[in-house]
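Residue strings, one per chain:
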Amino acid sequence: MTDYGHDLRFGTFLPAEAANAAEALRLAVRTEELGLDLTSLQDHPYQGRFLDSWTQLSVIAAHTERITVFPNVANLPLRPPAVLARAAASLDLLTGGRVELGLGAGGFWDAIEGMGVARRTPGQALQALEEGIAVIRALWSEERSARVDGEYYRLRGAHPGPGAAHDIGIWVGAIKPRALALTGRLADGWLPSSPYMPPEQLAESNRRIDEAAQAAGRRPQDVRRLYNIAGTFRGDGREFLQGPPKVWVEQLAELAVTEGMSAFILMVQAGGDEDLERFAMEVAPAVRELVTAERTRPGAAHAPEEAEGAEEAEAVEVIEVASPGAVAVRAHNETLATPTADDGTRLSSERLWDESERPEGPESDLTVRYSARQRASGQHLVDVHDHLRQELAQVRDLVEQVAAGALDLGRARSMINTMAMRQNNWTLGTYCESYCRVVTTHHTIEDMSLFPRLRAADPRLVPVVDRLEAEHHVIAEVLERVDAALVAMVARPEGIAEVRAAVDLLTDTLLSHLSYEERSLVEPLSRYQVM
């Protein structure tokens with residue numbers, strides 16, 4: 001099991017056909033709007049149906065502001081490395097550091113040869129790739145002149161430059177053992193694709209990269225592991241990425257913590273908005289949450305470290321806490337996150353549980369203070385809940401405006417497109433449905449990861465955790481009611497009354513539950529560090 005501790009990134013692999021040029025640009029912009037990190041294009045310069053990837057990447061970069069662009073991967077035999085180095089550095093400089101370089105030794109040699117380039121054997125292609133990387137790095141250096149003496153590529157005193165805005169990563173697309181070894185020796189990243197490198201082959205490939213890196217005096221973590229992925233949200237969950245978002249979350253999180261894969265690039269087809277949005281809104285944040293939970297558990301290989309000197313600055317002292325095996329840290333003028341109070345307001349006359357029957361966990365010791373790392377666990381729970389509360393408020397406001405006739409669906413759609421959780425072509429119904437999926441994903445994460453650890457950490461928390469888990473199932477049923485009301489509204493617009501009633505009930509149950517969960521878990525999360 002290997003986790004290299006890299007931050008997680010998510011992105012898209014866009015269609016490159018000239019006939020889909022406008023669609024690829026739209027999907028790239030949508031990728032950024034949805035908060036993803038990367039977008040990319042394949043590079044096949046011999047393919048007459050495709051646009052030139054560097055030209056298209058430049059247009060995408062000009063229409064976006066934040067997202068990183070890269071070729072996935074650049075075809076080295078048809079792109080002289082000296083020119084490629086300057087092209088990548090130029091675009092990186094113009095975009096303020098938003099370019100990385102995917103690089104490949106070349107394939108489809110009949111087509112490459114048809115473009116006037118001599119065919120290379122696999123061994124020759126790898127040697128050329130190694131020389132090409134040397135040329136690129138030499139021209140990115142700060143030396144006064146660059147020299148590389150290779151069989152396929154040479155520099156004879158070329159002047160490096162222009163300087164890139166940041167250290168551009170070279171991510172090699174490799175599958176075969178010798179290419180994997182080269183990746184370990186020289187590359188900043190490894191970029192395989194799941195159709196050619198399925199998950200069961202990752203461990204052996206990672207081993208080859210790690211061994212080559214160590215033999216070259218490098219660390220395995222010097223090579224980021226990226227993964228182009230293809231799948232469907234419509235499968236039964238028995239195959240890789242063939243099922244609902246929950247299946248994707250579990251499988252990708254497992255690859256992150258066991259195989260060190262830290263960037264997942266979704267292959268998106270023209271018109272693939274629904275898959276893209278589910279990937280961005282349901283899969284990516286849930287994978288981040290699961291991986292963070294795994295990395296921050298006691299004994300995890302890559303738990304985040306406190307900043308140097310942080311403990312001394314807080315003047316802490318270790319004290320015993322009256323709970324089994326627990327140790328707390330007293331820090332001056334620092335307290336735990338404050339749970340959000342339940343003000344008792346209820347909008348629906350329907351009651352789905354008796355709040356007076358909720359069990360309470362161990363009493364908090366108000367004299368205990370915790371370190372910054374400990375407090376972060378409880379604060380994270382509150383932050384996640386605050387996001388759900390904010391989105392719920394937006395749903396409620398939209399429902400009220402439509403119900404009152406103050407806003408038609410066209411105007412509502414325009415307003416929704418300005419929200420953080422927005423989609424193209426959203427109506428009132430699809431927005432609410434998307435929010436419901438986010439809530440369900442959050443609860444699934446707790447049920448799969450957080451709750452079992454709390455039960456194990458302190459037996460006195462078992463009744464509380466059992467109750468919270470039971471309430472998750474009740475909320476799931478309320479979400480189904482919302483879905484049913486939305487379906488009815490599509491066929492019968494006056495059904496907005498049923499939507500309001502269902503959302504009122506969702507508001508009552510969800511806000512009550514979130515408050516109870518924070519009241520019960522903020523201190524245990526900080527004490528036992530299970531998130």
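Caption draft 1: Structural context of the overall build of the protein. Counting secondary structure elements, the protein contains 15 helices and 13 strands. Long-range contacts, defined here as pairs at least 24 residues apart, represent 75% of the contacts in the protein between residues at least 6 apart. With an accessible surface of roughly 23600 Å², the protein has 51% of that area assigned to carbon and sulfur atoms.

Caption draft 2: Broad picture of helix α3 (residues 81-95). In this model α3 runs 21 Å from its N-terminal to its C-terminal C-alpha over 15 residues, within 8% of the 21 Å that 1.5 Å per residue would give. Restricting attention to buried positions, one finds in α3 the residues Pro81, Leu84, Ala85, Ala88, Ala89, Leu91, Asp92 and Thr95. Down the axis of α3, the smallest arc covering the buried residues is 165 degrees, so these residues share one side. Residues of α3 that are exposed and point more than 90 degrees away from the buried face comprise Val83 and Leu94. On its buried face, α3 is in contact with α2 (53-62), β3 (68-71), β4 (74-75), β5 (101-104) and α5 (122-139). Positive phi appears at Gly96, one or two residues downstream of α3, with a value of about 75 degrees.

Caption draft 3: Structural detail: the pairing of strand β11 (residues 261-267). A large share of β11 lies buried, amounting to six of its seven residues. As defined by bridge partners, strand β10 (residues 224-229) adjoins β11 across five bridges and the pair is classed as parallel. When the sheet's bridge partners are listed, Leu226 is paired in β11 with Ala263.

Caption draft 4: Local environment of the packing of aromatic side chains. Applying the stated criterion to the full structure yields seven aromatic pairs. Aromatic pair Phe10 and Phe264: ring centres 5.9 Å apart, planes at 35 degrees, arrangement tilted. Note that Phe10 is positioned in strand β1 (residues 9-14) and Phe264 in strand β11, a separation of 254 residues in sequence. Like Phe10, the residue Phe264 is buried in the burial classification. Between the aromatic rings of Trp248 and Phe279, the centroid separation amounts to 6.3 Å while the plane-to-plane angle is 65 degrees, which identifies the pairing as edge-to-face.

Caption draft 5: How the structure looks around the packing of helix α8 (residues 245-258) against helix α9 (residues 273-295). At a minimum axis separation of 9 Å, α8 and α9 run at an interaxial angle of 45 degrees. Comparing their axes, α9 and α8 come out oblique. For the pair α8 and α9, the sense of crossing is right-handed. Note on element contacts: α9 touches α8 through Arg278, Phe279, Glu282, Val283, Ala286, Val287, Leu290, Val291 and Glu294, opposite Pro245, Trp248, Val249, Leu252, Ala253, Ala256 and Val257.

Caption draft 6: Focus on the environment of Leu505. Residue placement: Leu505 occurs in helix α15 (residues 496-528). On the basis of relative accessible area, Leu505 is assigned to the buried category, the value being 3%. Here the alpha-carbon distance between Leu505 and Leu479, two residues 26 residues apart in the chain, equals 9.5 Å. When residues no more than four places from it in sequence are discounted, the contact partners of Leu505 are Ser348, Glu350, Leu352, Val478 and Arg481.

Caption draft 7: Here's a closer look at unusual backbone geometry. In this chain, Asn72 is followed by Val73 through a cis amide linkage whose omega measures 0 degrees. Among the secondary structure elements, Val73 is positioned in the loop between β3 and β4. Following Gly161, the chain continues to Pro162 via a peptide bond in cis, the omega torsion being 0 degrees. In this structure, Phe108 is a non-glycine residue whose phi angle is positive, near 50 degrees. Tracing the backbone through its elements, the reader meets Phe108 in the loop between β5 and α4 (109-114). Assessed through its relative accessible area of 59%, Phe108 is described here as exposed. The backbone of Leu241 shows a phi angle near 50 degrees, a positive value even though the residue is not glycine. Turning to its location among the elements, Leu241 is positioned in the loop between β10 and α8. The exposure class assigned to Leu241 is buried, which follows from its relative accessible area of 0%.

Caption draft 8: Quick peek at the side chain of Ser262. Looking at the secondary structure, you find Ser262 in strand β11. When residues no more than four places from it in sequence are discounted, the contact partners of Ser262 are His6, Asp7, Leu8, Arg9, Arg224 and Arg225.

Caption draft 9: Spatial organisation of the nonpolar core. Among the nonpolar cores identified, the biggest contains 80 residues, and Leu252 and Phe279 are the most heavily contacted of them. Considering each element in turn, this core owes the most residues, ten residues, to α9. Ignoring any residue separated from it by four or fewer positions in sequence, one finds Phe279 in contact with Phe10, Gly11, Leu36, Ile229, Phe233, Trp248, Leu252, Phe264, Leu266 and Ala284. Counting residues in hydrophobic clusters, the runner-up holds 21 residues, among them Leu392, Ile475, Leu479 and Leu486.

Caption draft 10: Local environment of the side chain of Ser348. One can find Ser348 in the loop between β13 (327-330) and α11 (372-403). Among the residues examined, Ser348 registers a relative accessible area of 15% and is labelled buried.

Caption draft 11: Structural context of the pattern of salt bridges. Applying the stated criterion across every chain yields a total of 35 salt bridges. Note that Arg219 is salt-bridged to Asp222, the shortest N-O span being 2.9 Å. Take Asp222: its relative accessible area is 28%, and that puts it in the partly exposed class. Put simply, Glu204, Arg207, Arg208 and Glu211 are held in one network by salt bridges that share partners.

Caption draft 12: Here's a closer look at the sheet that holds β3. Spatially, the nine strands line up as an open sheet ordered β3-β2-β1-β11-β10-β9-β8-β5-β4, and their pairing is parallel. Looking at strand neighbours, the two that pair on one side only are β3 and β4, the edges of this open sheet. The pairing of strand β9 (residues 189-190) with β10 spans two bridges and is classified as parallel. For Trp190, the partnering residue across the bridge sits in β10 and is Arg225. Along the sheet face, α2 touches β1, β2 (38-41), β3 and β5 and points at about 175 degrees away from the line of β3.

Caption draft 13: Here's a closer look at α8. Taking 1.5 Å of rise per residue, 14 residues should cover 20 Å, and α8 covers 20 Å from first to last C-alpha, within 8% of that figure. Contacts made by the buried residues of α8 are with α7 (202-215), β10, β11 and α9. Count one or two residues on from α8 and you reach Gly260, which has phi positive near 75 degrees.

Calculation notes
Residues numbered from 1 in each chain as written. Predicted model: local features only at pLDDT ≥ 70, side-chain atom pairs only at ≥ 80, totals over all residues. Heavy atoms only, no water. Helix = DSSP H or I, 4+ residues; strand = E, 2+ residues; numbered from the N terminus. Contact = heavy atoms within 4.5 Å. Areas by Shrake-Rupley, 256 points an atom, 1.4 Å probe, with all protein chains shown as cover. Expected span 1.5 Å × (residues − 1). Buried < 20%, exposed > 50% of the residue type's maximum accessible area, 1.4 Å probe, protein only. Arc of directions from axis to C-beta. Pairing = 2+ DSSP bridges. Phe/Tyr/Trp six-rings, centres within 6.5 Å; stacked < 30°, edge-to-face > 60°. Axes fitted to C-alpha atoms, helices over the stretch in contact; angles between N-to-C directions. Parallel < 35°, antiparallel > 145°, perpendicular 65-115°, else oblique. Left-handed = near helix turned anticlockwise from the far one by under 90°. Core = buried A, V, L, I, M, F, W, Y, C linked by side-chain atoms within 4.5 Å. Salt bridge = Lys/Arg side-chain N within 4 Å of Asp/Glu carboxyl O.

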